[in-house]
Amino acid sequence: MHIEGVHRVQTVKTLSMLRNAIKSLRETGLSEASATIGLVPTMGALHEGHLTLMREAAKQCDHVVASIFVNPTQFGEGEDLDAYPRQLAQDSAMLEAEGVAVLWAPSVEEMYPEGFASSISVSGVSANFCGADRPGHFDGVASVVCKLFNQVTPDKAFFGEKDWQQLAVIRTMARDLDLTRPHVSGIVGVPTVREDDGLAMSSRNRYLSAEQREQAAALPRAMKAAIASIESGANVAASTSDLEKALLSAGFDSIDYAALADPMSLQLLDKLRESDARLLVAARIGGTRLIDNMPVSARGEKR
Ligand code: PAF
């Protein structure tokens, strides 16, 4: 909503306020047709990566709705639910500066009222990688994203490719459940935004000490080296094992996974076949778990 050239983001915290806000947005398109809405679901603690999603949504849709909800059902026991950064005022100012129309910021009680009993489970694509390391995580993600889709009814929804498996899970859910707002074709993956040294931007990077932050830059470096060797025909297991060794010697404490997979089904690949693949890594440095993924070209093209 623009008032005398000054943009105000409308923060809504209840479902009935959200529905009214969406109805008004739909009526404020430039043409007779109802205006289009792009949804950017987030858990807040916004950084440049999120803002890139907002900008992409603004390019492709008339209005942008952002959600901020630290979803408890996607955190496992002993994970960082309580410590997860919450900074609504700061986030809201950032969204306002980006021209976001509506900020949907429900409480846990609004999202999961007493008696809430449903869950969506997307098998196969959820099984490996973060799904194996964080049991129940993708059920929590799929369920809350499905709710967000039904609440906001966007034409398109925008997700960072940094969470590659999450994006694959959400696309599979949208396809399998015949979602219409958005349709699976309206689920847009936006390339990962990186710091100057290549580290993927993440709200969790702020947990790193200065020394750990420097060590963390080994992750994209080691991934690029592994991709170069896989693309030039080296053995996949040997390349990912070298990657793990490089991370450990750079100061990482442990590796959850480092593997090649089919980009859509997320099935493990023991070798590069005719079509492109994805290298996915999760590694821990101190108490912080970092994830990243990059494309691997079947034709060995330079990326
Ligand atoms: O990627 C995230 O921030 C979350 O997993 C999401 C998609 C907002 C669901 O809670």
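In this report, we go over the structure that sits alongside the text. Quick caveat: nothing in here was measured; it's all calculated off a predicted structure. (Residues numbered from 1 in each chain as written. Predicted model: local features only at pLDDT ≥ 70, side-chain atom pairs only at ≥ 80, totals over all residues. Heavy atoms only, no water.)

1. Quick notes on the overall build of the chain
Right, on to step 1. Counting its secondary structure elements, the chain contains ten helices and eleven strands.
Right, on to step 2. For 303 residues, the compact-globule estimate of 2.2 N^0.38 gives 19 Å, and the chain sits close to it at 20 Å.
Right, on to step 3. Judged by the C-alpha coordinates and their principal axes, the chain covers about 55 × 45 × 40 Å.
Right, on to step 4. The burial tally for the chain puts 50% of its 303 residues in the buried class.
Right, on to step 5. For the chain, contacts bridging at least 24 residues in sequence account for 71% of all contacts bridging at least 6.
Right, on to step 6. Element-wise, carbon and sulfur atoms account for 51% of the exposed surface of the chain, whose accessible area totals about 14,300 Å².
Right, on to step 7. Between the averaged position of the 30 positive side-chain charges in the chain and that of its 39 negative side-chain charges there is a distance of 3 Å. (Helix = DSSP H or I, 4+ residues; strand = E, 2+ residues; numbered from the N terminus. Rg over C-alpha atoms; globule rule 2.2 N^0.38 Å. Buried < 20%, exposed > 50% of the residue type's maximum accessible area, 1.4 Å probe, protein only. Contact = heavy atoms within 4.5 Å. Areas by Shrake-Rupley, 256 points an atom, 1.4 Å probe, with all protein chains shown as cover. Lys, Arg positive; Asp, Glu negative; His and termini not counted. Charge placed at Lys NZ, Arg CZ, Asp CG, Glu CD.)

2. Remarks on helix α10 (residues 236-250)
Right, on to step 1. The end-to-end C-alpha distance of α10 is 21 Å, a good match for the 21 Å that 15 residues give at a rise of 1.5 Å each.
Right, on to step 2. By the burial criterion, the buried members of α10 are Val236, Ser239, Thr240, Leu243 and Leu247. Relative to the axis of α10, the buried residues are bounded by an arc of 95° and lie together on one face. Residues of α10 that are exposed and point over 90 degrees away from its buried face: Ala237, Lys245 and Ser249.
Right, on to step 3. Contacts from the buried residues of α10 go to α9 (218-231), β9 (254-261) and β10 (277-285).
Right, on to step 4. Capping of α10 at its N-terminal end is provided by Asn235; its side-chain oxygen lies 3.0 Å from the backbone amide nitrogen of Ala237.
Right, on to step 5. Phi turns positive one or two residues past the end of α10, at Gly251, with a value near 120°. (Expected span 1.5 Å × (residues − 1). Arc of directions from axis to C-beta. Polar contact = N/O pair within 3.5 Å; in protein donor to acceptor, adjacent residues only side chain to side chain.)

3. Some details on the nonpolar core
Right, on to step 1. Judged by nonpolar contacts, the single largest core of 46 residues is most densely connected at Phe149 and Met173.
Right, on to step 2. Those elements giving two or more residues to this core turn out to be α1 (15-26), β4 (37-42), β6 (102-104), α6 (137-152), β7 (156-160), α7 (164-176), β9 and β10.
Right, on to step 3. For this core, the element with the highest residue contribution is α6, accounting for nine residues.
Right, on to step 4. The residues contacting Met173, other than those within four sequence positions of it, are Ile120, Val122, Ala142, Val145, Cys146, Phe149 and Leu179.
Right, on to step 5. Core analysis: the next-biggest nonpolar cluster, separate from the first, contains 26 residues, Ile230, Leu243, Leu247 and Leu260 among them. (Core = buried A, V, L, I, M, F, W, Y, C linked by side-chain atoms within 4.5 Å.)

4. Notes on α7
Right, on to step 1. Here α7 spans 18 Å end to end across 13 residues, near enough to the 18 Å set by a 1.5 Å rise per residue.
Right, on to step 2. The element α7 is largely enclosed, with a buried count of ten among its 13 residues.
Right, on to step 3. Along α7, the residues classified as buried are Trp164, Gln165, Gln166, Leu167, Ala168, Val169, Ile170, Thr172, Met173 and Ala174.
Right, on to step 4. On its buried side, α7 packs onto α5 (130-133), α6, β7, β8 (187-190), β10 and β11 (288-296).
Right, on to step 5. Just downstream of α7, Asp178 is the residue with a positive phi angle, here 55°.

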